[in-house]
Amino acid sequence: MDPTPAVDPDAEVVADPVEPVIPGGGADLARRRFFRQFAGELFQSAATVVGAAQALQRVSAEAAGAILDPGTLAVEEPPAIVLPSAPTGFRTPFRESPGVLHIIDQRRLPDAIEEYDAHSAAEVAYAIREMIIRGAPAIGQAAAIGMALTAARLRTTRPYARRATLRGAAQALSAARPTAINLRWAVDRVMARYVEVGDLSEDGDAIAEAMRAEADTIVFETTEDHGRLAAFGLAILEQPSEGPLRVLTHCNTGPLGCGQFGTALGVVQAAHHAERDLHVWVGETRPYLQGARLTTWELAQAGVPHTLIPDVAAGHLMARGEVDVVIVGADRIAANGDTANKVGSYSLAVLADRHGIPFYVAAPLSSVDPEAPGGDAIPIEERKANEVLYLRGQRIAPPDTAVRNPAFDVTPGDLITAIITDEGVLRAPYPASLAAAVERRAARRAVAPTFDALHVPDASGVA
Ligand code: MRU
C-alpha cells in the first residue's frame with residue numbers, strides 16, 4: 001500500500017502574504033531566452049524529467065535526427081525552428097530521481113522555488129488537488145509518473161492487492177481536477193498498459209516496467225507536440241505594420257503548466273525567439289493569480305516584454321485598440337470545438353469578438369475529448385471559497401461571505417478564430433477539423449518513433 005501523504009490533505013491553502021518579487025528580467029536575459037534552445041533543451045528536459053538521459057544517449061543518430069528534424073516525419077509538419085546552445089532560466093515543473101517525483105511548489109512562486117516530493121500516485125494526486133502543480137498538460141504528465149511510481153512500489157505485492165491499489169490510485173488521480181481531460185487521458189493510457197500485461201499477472205516487474213514506459217512516452221510525446229504546436233502558431237501570427245504585436249494571454253500556459261515548453265505561451269515564445277517585435281498583456285487571473293505570479297515570472301526569465309493587467313482591464317485595452325490577438329490554452333476541447341479553459345477566457349472571447357480581434361486557443365490534441373459532444377458535457381471544477389475570500393493570506397471580504405469559485409468556463413467554438421494544435425491550425429467547422437486532426441496525429445504516431453522506440457540497444461546489447 002502507498003503510505004499516507006506526508007502532508008495534511010485538508011490543510012487550507014492560503015498563499016503566503018509575502019510581497020511578490022519578480023526575479024530576473026532585463027535585456028541581457030533576453031539573450032539567453034529558453035526558446036532559443038528549444039530542440040536541445042526540450043529533449044534534455046524530457047530526458048531529465050523521465051530519468052532517461054542514458055536512454056537518449058543511446059539513441060541512434062538516425063532516430064534522434066528524425067525527432068529533432070521533424071521534416072523527416074511523414075505527416076504535415078510545422079515550420080522549422082532552429083536552435084540550441086547556452087543555458088537558460090527555464091524551469092520544468094517537475095524532475096525525477098529514483099522513486100521520487102520532485103515537483104516545484106507553484107503556490108510559492110514567484111517568491112521561492114521549493115519542491116514537494118511525491119513518492120506515489122496518492123502524493124501526486126494531493127499535489128494536483130492542491131495546485132502544487134497545475135495546468136492541464138503538466139498534471140497529465142505528473143499523474144502518469146505517479147502511477148508509474150506506485151506500480152514500482154507494488155512489484156512484489158499480490159495481484160489482487162496490486163489491482164485494488166492501482167485502480168484506487170487511478171481513480172484518485174483522475175478525480176483530482178475534473179475539468180482537465182489530459183489528466184484522465186494520461187491515467188487511462190498508463191492503466192491500459194497495466195491491463196495489457198494482465199491486471200492479475202504475478203509479474204510485478206513487467207507491470208511496473210510497462211507503466212513506466214507509458215509514462216515516459218507521455219512525457220516525450222507531450223514535449224514534442226507542444227513544440228509542433230508552437231511552430232504552427234508562430235506561422236499564423238500577423239505582425240502589425242508598426243509597433244509590437246500585442247498579445248493578450250490568460251492564466252499560465254508556459255513550461256510550469258505544460259511540462260517542458262508551453263501551449264499559448266509556447267507560441268508567444270516562438271514569436272520571441274523568431275525576434276518578432278512583441279509585447280504580452282498578462283491577465284492577472286483572479287483568484288489564483290496564475291498570470292500575475294507565474295506567467296510574469298516565466299516571461300521575465302525568457303526575456304519577453306510584458307505588462308501585467310488586472311483581468312477587468314482587458315475590455316478597456318481592446319476598446320482602445322491596444323490588443324492585436326488573444327491566445328489562451330485549454331483544459332478540455334469538446335468535439336464541436338467548445339473549449340473549457342481558465343475562468344475569464346469566455347469573457348475575453350466575447351470581448352475579442354466585439355472588437356474584431358482574433359481569439360486563438362492553443363492546445364495539444366490530447367486536450368480534445370471526443371466523448372464530449374459540446375461544452376455542456378464538460379464538468380467544471382468549483383474550488384474552495386477561501387481562494388476568493390483571501391488574497392495572499394489577507395481576507396478581502398467579510399467572513400462567511402457566500403462565494404462561487406468556478407475554476408473554468410466554456411468558450412463556444414463560434415467565438416474561437418482557430419485552434420492551434422500539434423497537427424496544425426484548425427478552423428471551423430470544428431467537428432470535422434478536430435476529427436481529421438486526431439486521425440492525423442494517430443497516423444503520425446504510427447510512423448514516428450515514440451519514446452519507447454528510442455530505448456534502442458547500446459553497444460553491449462542491453463536495451
Ligand atoms: O487551474 P489551472 O491553473 O490548472 O488552469 C490552467 C489553465 O486554465 C490553462 O490555461 C490550461 O491548463 C492550458 S495550458 C497549461
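Note that the structure is a prediction, hence the values are computed from the model and not measured.

All chains considered together, the criterion is met by one aromatic pair. Consider the rings of Y116 and Y126, whose centres lie 5.9 Å apart with planes at 45 degrees: the pair is tilted. Of this pair, Y116 sits in strand β3 (residues 115-118) while Y126 sits in helix α5 (residues 121-129), and the two are ten residues apart along the sequence. Residue Y116 is classed as buried on the basis of its relative accessible area of 10%. Judged by its relative accessible area of 5%, Y126 falls in the buried class. Note that K342 overlies the ring of F408, its terminal NZ or CZ placed 4.4 Å from the centroid.

Attention now moves to the confidence of the model for the chain. In regions of low pLDDT, the predicted coordinates are not meant to be interpreted in detail. Per-residue confidence for the chain gives a mean pLDDT of 83, with 77% of residues at or over 70. In the predicted structure, residues 81-89 sits below a pLDDT of 50 and forms 26 contacts with residues beyond four places in sequence or in another chain. Throughout residues 456-463 the model reports pLDDT below 50, and contacts reaching past four residues in sequence, or to other chains, amount to eleven contacts.

Our focus in this paragraph is unusual backbone geometry. The linkage connecting L109 with the following residue, P110, adopts the cis geometry, with an omega of 10 degrees. With respect to the helices and strands, the residue P110 is situated in the loop between β2 (100-104) and β3. The omega torsion across A428 and P429 is 0 degrees, close enough to zero to call that bond cis. Secondary-structure assignment places P429 in the loop between β16 (424-426) and α16 (430-447). The phi angle at C251 is positive, at roughly 65 degrees, despite the residue not being glycine. Looking at where C251 falls in the secondary structure, it is placed in the loop between β4 (245-249) and α10 (255-258).

Another aspect to go through is the packing of α5 against helix α6 (residues 136-153). Between α5 and α6, the least distance of the axes is 7 Å, while the angle of their chain directions is 160 degrees. The pairing of α5 with α6 is recorded here as roughly antiparallel in orientation. Classified by chirality, the crossing of α6 by α5 is right-handed. Each of A121, V124 and I128 in α5 lies in contact with α6, whose residues at this interface are I139, A142, A143, G146, M147 and T150. Residues that form the contact of α5 with α6 fall into these classes: seven nonpolar, two polar and no charged.

Conventions used here
- Residues numbered from 1 in each chain as written.
- Predicted model: local features only at pLDDT ≥ 70, side-chain atom pairs only at ≥ 80, totals over all residues.
- Heavy atoms only, no water.
- Phe/Tyr/Trp six-rings, centres within 6.5 Å; stacked < 30°, edge-to-face > 60°.
- Helix = DSSP H or I, 4+ residues; strand = E, 2+ residues; numbered from the N terminus.
- Buried < 20%, exposed > 50% of the residue type's maximum accessible area, 1.4 Å probe, protein only.
- Lys NZ or Arg CZ within 6 Å of the ring centre and 35° of its normal.
- pLDDT = per-residue confidence, 0-100.
- Contact = heavy atoms within 4.5 Å.
- Axes fitted to C-alpha atoms, helices over the stretch in contact; angles between N-to-C directions.
- Parallel < 35°, antiparallel > 145°, perpendicular 65-115°, else oblique.
- Left-handed = near helix turned anticlockwise from the far one by under 90°.
- Nonpolar A, V, L, I, M, F, W, Y, C, P; charged D, E, K, R; others polar.

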